[in-house]
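One-letter residues, chain by chain:
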There are 2 protein chains.
Amino acid sequence: MRIDCISTISEALGQQMAGRTVIVIDALRATSTIAAALVSGASGVIPVETVAQARRIAEEGDLLAGERHCEKIPGFHLGNSPYEFSRDAVSGKRIVLTTTNGTRGIQKASQAATVLAGSFMNAAACAAAAIRLQRDVTLLCCGTRDVFALEDGLCAGLIVRELQSASKRPPELGDFAAAMAAAYSQCEAGLEEALLHSDSGIRLSSLGYKEDVTLCAGVNRFDAVPCLYGDEMKPF
Amino acid sequence: MRIDCISTISEALGQQMAGRTVIVIDALRATSTIAAALVSGASGVIPVETVAQARRIAEEGDLLAGERHCEKIPGFHLGNSPYEFSRDAVSGKRIVLTTTNGTRGIQKASQAATVLAGSFMNAAACAAAAIRLQRDVTLLCCGTRDVFALEDGLCAGLIVRELQSASKRPPELGDFAAAMAAAYSQCEAGLEEALLHSDSGIRLSSLGYKEDVTLCAGVNRFDAVPCLYGDEMKPF
């Protein structure tokens, strides 16, 4: 198995993803939130790029969710905080989600054989799914508005480590994947602090979402692996 | 002081460099070689993008140096191995150098207030120079053909660390600079091994340049800081 890592959505080329398992990472917060939604019993999550698309696609009974500038979109049922996606709020419901970076990343991965949503919260489960799929893996770090985001890179590094420990033969690592694995190993013991000091962590904390950062830093809390089937993410 | 890091030349935007100190890093091997040339008494190094430019610019007495696909260019006096830039070979001479990535990176940094050439071999000296210049710093990792190269990222991480330890007030780090500093700290004890396992390290070793990798991994061997004055790199 070969593992490559892409630093931002704008760096992603179709050829780096075609025929591979692509794990899309927007750890603060979209891909953590999608995992939380499935854990809470949502029937599925449809990621879309724009607010207009979200409104158009949502059918009666669906929940509209998402953020712009980290805040809930006016008129939507839910924002992008995993805390909002409780069993009471989402169980049995289909969710249409639009966020600034994460949902764009999922769309960008359309040439992949399989698209999974990765986060600190489901890293080991994602790695196990990727190993079952027996394809080369591309970790797509969404970043923030086309700039590298530390939390996504560290999460990619964690997933590389999980893939290494779950693989029978050591996977071959691209340079960026190797760098992220090293960065994660260095930050592991102080992960929450590292995330709180990242650009996204600082921004979310200033907007009152510090607890989201703490929650999203919870490594391997979830077994759920969101996987794209058609246009909808459902459990793998 | 703010420190940002750019992962590849293709990611570099003028605005990230304008008015700043830009430290260009192509640790295997161009920026290591430029430092070696100045240490050996070369009067200066003119980095150019193409072989044709190099031939046009070189005047009588200048040395033509450079590589394509890691190998010396036919008819040139020198390749791109720091071992070739001995005192006997280069003392008192001006060198016109063209390489695949490093010289492109130097050209790309044209909007900088000051351009320095950084490597593992002169990291502390580069950091000291940047602190004297009292500007924000952008570390420009050249990468290999627009793909991130581990050696450049780790070298950027080392320079971040040197800037941190030499600064009176802790510098503010962009997310990518923070990730590279963490990756370097993790790899520090096994740096040579990490470089030998990188894509560039594997390629150079297979072409018979393993000793170049070992030499270039020698942290803080040199006090020389190549600095761009006009179109020529001379000691800072």
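Below: a short report on this structure. Not measured: the values here are computed from a predicted model.

This part takes up the packing of helix α7 (residues 175–187) of chain A against helix α7 (residues 175–187) of chain B. The interhelical angle for the contact between α7(A) and α7(B), taken along N-to-C directions, is 80 degrees, at an axis separation of 7 Å. The pairing of α7(A) with α7(B) is recorded here as roughly perpendicular in orientation. Across the interface between the two elements, Phe176(A), Ala179(A), Met180(A), Ala182(A), Ala183(A), Ser185(A), Gln186(A) and Cys187(A) from α7(A) touch Phe176(B), Ala179(B), Met180(B), Ala182(B), Ala183(B), Ser185(B), Gln186(B) and Cys187(B) from α7(B).

What follows concerns the pattern of salt bridges. All chains considered together, the criterion is met by 20 salt bridges over all chains. Note that Arg20(A) and Asp4(A) form a salt bridge whose closest N and O atoms lie 3.0 Å from each other. With Arg20(A) in the loop between β1 (2–6) and β2 (21–25) and Asp4(A) in strand β1, this residue pair connects regions lying 16 residues apart in the sequence. Residue Asp4(A) is classed as buried on the basis of its relative accessible area of 18%. When the shortest N-O distance is used, the salt bridge between Arg94(B) and Glu59(B) registers 3.9 Å. Separated by 35 residues along the polypeptide, Arg94(B) in strand β6 (residues 94–98) and Glu59(B) in the loop between α2 (51–57) and β4 (63–68) bring together distant segments of the chain. With a relative accessible area of 21%, Arg94(B) lands in the partly exposed category.

A word on the relation of the copies chain A and chain B. Once chain A has been moved 0.0 Å along the axis and rotated by 180 degrees, it coincides with chain B to within an RMSD of 0.0 Å. What the rotation and shift describe, once combined, is the action of a two-fold rotation axis. By C-alpha distance to the rotation axis, the residue of chain A lying nearest is Ala183(A), at 2.0 Å. When you check the interface residues of chain A against chain B, 100% turn up at the interface there too, and the contact is symmetric in its surfaces.

Take the side chain of Asp152(A) next. Residues and elements named next belong to chain A. For Asp152, the location among the structural elements is in helix α6 (residues 150–166). Buried Asp152, no salt bridge; nearest opposite-charge side chain is Arg203, N-O distance 9.1 Å. Looking at Asp152, its side chain comes within polar contact range of the main-chain nitrogen of Ala27, at 2.8 Å. Asp152 has contacts with Ile25, Asp26, Ala27, Leu28, Cys141, Cys142 and Gly143, leaving out every residue within four places of it along the chain.

Quick look at the interface of chain A and chain B now. Taken together, the contact pairs 22 residues of chain A with 22 residues of chain B. Around 1500 Å² of area is buried between chain A and chain B when both sides are counted, 57% of it from carbon and sulfur atoms. Scanning the region where chain A abuts chain B turns up 0 salt bridges. When residues of the side of chain A that touches chain B are traced back to their parent elements, those giving at least two are α6 and α7 of chain A. Of the residues forming the side of chain A that touches chain B, the biggest block, 10 residues, is contributed by α7(A). Partitioned by chemical class, the residues of the side of chain A that touches chain B number 10 nonpolar, 6 polar and 6 charged.

Definitions and cut-offs
- Residues numbered from 1 in each chain as written.
- Chains lettered and ligands numbered in written order.
- Predicted model: local features only at pLDDT ≥ 70, side-chain atom pairs only at ≥ 80, totals over all residues.
- Heavy atoms only, no water.
- Axes fitted to C-alpha atoms, helices over the stretch in contact; angles between N-to-C directions.
- Helix = DSSP H or I, 4+ residues; strand = E, 2+ residues; numbered from the N terminus.
- Parallel < 35°, antiparallel > 145°, perpendicular 65-115°, else oblique.
- Contact = heavy atoms within 4.5 Å.
- Salt bridge = Lys/Arg side-chain N within 4 Å of Asp/Glu carboxyl O.
- Buried < 20%, exposed > 50% of the residue type's maximum accessible area, 1.4 Å probe, protein only.
- Least-squares fit on C-alpha atoms with pLDDT ≥ 70 in both.
- Lys, Arg positive; Asp, Glu negative; His and termini not counted.
- Polar contact = N/O pair within 3.5 Å; in protein donor to acceptor, adjacent residues only side chain to side chain.
- Buried area = accessible area lost by both parts, 1.4 Å probe.
- Nonpolar A, V, L, I, M, F, W, Y, C, P; charged D, E, K, R; others polar.

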